[in-house]
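# Structural overview
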Amino acid sequence: MSKQKPYPEYRRKLGPGWWLSNSHFTQYMIREWTSFFVAVFSLIYIYELSLFATGQKGSALALMKNPGIITFNIVALAFTLYHAFTWFYLIGKVQPIKMGKTKSKPWQALMLNIVLLVILSYTVIWILVLRSG
Amino acid sequence: MSQDIATIRVTRYRPEKDGEPYFQDYKVPYRKDMVVLDALNYIKANLDGTLTYRWSCRMGVCGSCGANVDGVPKLTCASFLHDFRGRTIKVEPLPNFPVIKDLVVNMDDFMHKLVEIKPWIIREKESPPEEGEYRQRAEELERYAQFSSCINCMLCYSACPVYGLNEKFLGPAATALAYRYIQDSRDQGKDVRFPIVHELEGVWECTLVGECSVVCPKGVDPMLAIQKTKILGATNALKSLLMPRGGK
Amino acid sequence: MPRVARLHAILWGVFSMGGFIAAFLLPVLIYLVGIAYPLGLWPMANTDPTSAILNHHHLGTLFLFVTVAGSLYHGIFRFQSTLTELGLARAKRALEAIGYLIIIVGILAVAYYLLRLNPSVLSLP
């Protein structure tokens, strides 16, 4: 199979801008970049927890009220929700639920999980914030 | 009598002469229902006999005629010219594979991976013919039917940026075919196939771009197969961690 | 399965769980801590959300740990692969090492700080 090749084959390399050439690829990259905001928010919040834990509650609260941080958080929330919705859709594709003869469609999984997200979020607020510990 | 003319822009690469590929335009008389393969055949028969490309069945079942048509991996026998009305149609070799000549790419890597996953029923012990066929219910067939439609056309490899960036990646079709056999109730080859698909450059490289499933001309969903194989791998690893002796 | 691949399979499994955590639990945390409290929106009236949550010694601590650790793991894991896909493929090993380091330090840190804030967590309810 591998004989000595008399003439060179032409090898094309995939450049770092490959994701710009195709709208599916660009959407994919944006979807993956949600991870940046998820990770960075977590790190910021860990830092805030460290301020709380070391008795610097004032600095922690001031950090949370920083306009730059608030802007970041709004963007992070948007991207996190985008992660959630694309995640729900993917789960819907990978694990359809059998409903009689038909299988569920991904957008149905998306809708169902959005409802679950809303219910779960409200439950968290109700148990951990509205009710005192 | 005026006739519509379609302009086909084809990649030419003659390894003995050209350092790099270049484009050559051909004007092809356009007939309704013509596909790109018809245009290529017309060019070879009437305009330029040196044009080199692969094709066979011309009806979308052999998987030979894959090419990048207007930037999208497609079967040239399934790409209708009327979809490109008025535009020059670019026909390039399938991306992510080395080019041997013109539109012909080197398929060795894919063929190697195809054989690696052992695309045949593996039995611990073959039943003798006197015992009859292996029976399979309709639900059991449905678990893998979709993945058996693969015609090995390699469009999915051309669509996959992960494969484009890392040639060692096992890739969509090979994994989908491995999954097809893993899911086949007649197959007993999990122990043979799992190590291959679950190696580092197996399914774990996939980041769910999903373009493989978009370009597949036969409706196979390799992304789904890869994702399911990842889940199998993760549950397997967890089982072997929690139950090192028992459990398979 | 070879050892390294088996480890990777489990790491992927955790990443996948982290995806669910980031999808279902992170949005409300970002909203409460990062938007509702600083801007005075519902439901944050006067107390800051972290203190309110941590008032629930066990459930609150568990919620914060799971949400932050899971999201951090998922985010870093995925971000690593985007860096590889953006052309840094050759630095892959180094990026993975740095990524896992951040994950380990981050998870240890969040566990440590939460335990400092709520030491009673370790005693069963």
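What comes next is a walk through the structure.

### Observations regarding the interface of chain A and chain C
- On the side of chain C, 55 residues touch chain A, which itself brings 55 residues to the contact.
- Counting each side, the surface lost to burial between chain A and chain C is near 4800 Å², with a carbon and sulfur contribution of 78%.
- Applying the counting rule to chain A against chain C returns two salt bridges.
- The partner of A:E32 in a salt bridge is C:R78, with the nearest N and O atoms 2.9 Å apart.
- The interface formed by chain A and chain C includes 13 residue pairs in polar contact (both at pLDDT 80 or more).
- For the side of chain A that touches chain C, the secondary-structure elements that each account for two or more residues are helix 1 (23-53), helix 2 (57-65), helix 3 (67-94) and helix 4 (106-130) of chain A.
- The biggest single contributor to the side of chain A that touches chain C is helix 1 of chain A, with 20 residues.
- Of the residues contributing to the side of chain A that touches chain C, the split by class is 37 nonpolar, twelve polar and six charged.

### Section: the side chain of B:K113
Residue and element names in this part refer to chain B.
- With respect to the secondary-structure elements, K113 resides in helix 2 (residues 108-116).
- On the basis of relative accessibility, which here comes to 5%, the residue K113 falls in the buried class.
- If near-sequence neighbours (up to four positions away) are discounted, K113 is found in contact with Y157, Y163, E167, K168, F169, L170 and A174.

### Looking at the environment of C:L114
- With respect to the secondary-structure elements, C:L114 resides in helix 5 (residues 92-117).
- The spatial distance from the C-alpha of C:L114 to the C-alpha of C:E96 is 27 Å, given a sequence separation of 18 residues.
- Each residue touching C:L114, except ones within four places of it in the same chain, is listed here: A:L49, C:L54, C:T61, C:L64 and C:F65.

Rules and cut-offs
- Residues numbered from 1 in each chain as written.
- Chains lettered and ligands numbered in written order.
- Predicted model: local features only at pLDDT ≥ 70, side-chain atom pairs only at ≥ 80, totals over all residues.
- Heavy atoms only, no water.
- Contact = heavy atoms within 4.5 Å.
- Buried area = accessible area lost by both parts, 1.4 Å probe.
- Salt bridge = Lys/Arg side-chain N within 4 Å of Asp/Glu carboxyl O.
- Polar contact = N/O pair within 3.5 Å; in protein donor to acceptor, adjacent residues only side chain to side chain.
- Helix = DSSP H or I, 4+ residues; strand = E, 2+ residues; numbered from the N terminus.
- Nonpolar A, V, L, I, M, F, W, Y, C, P; charged D, E, K, R; others polar.
- Buried < 20%, exposed > 50% of the residue type's maximum accessible area, 1.4 Å probe, protein only.

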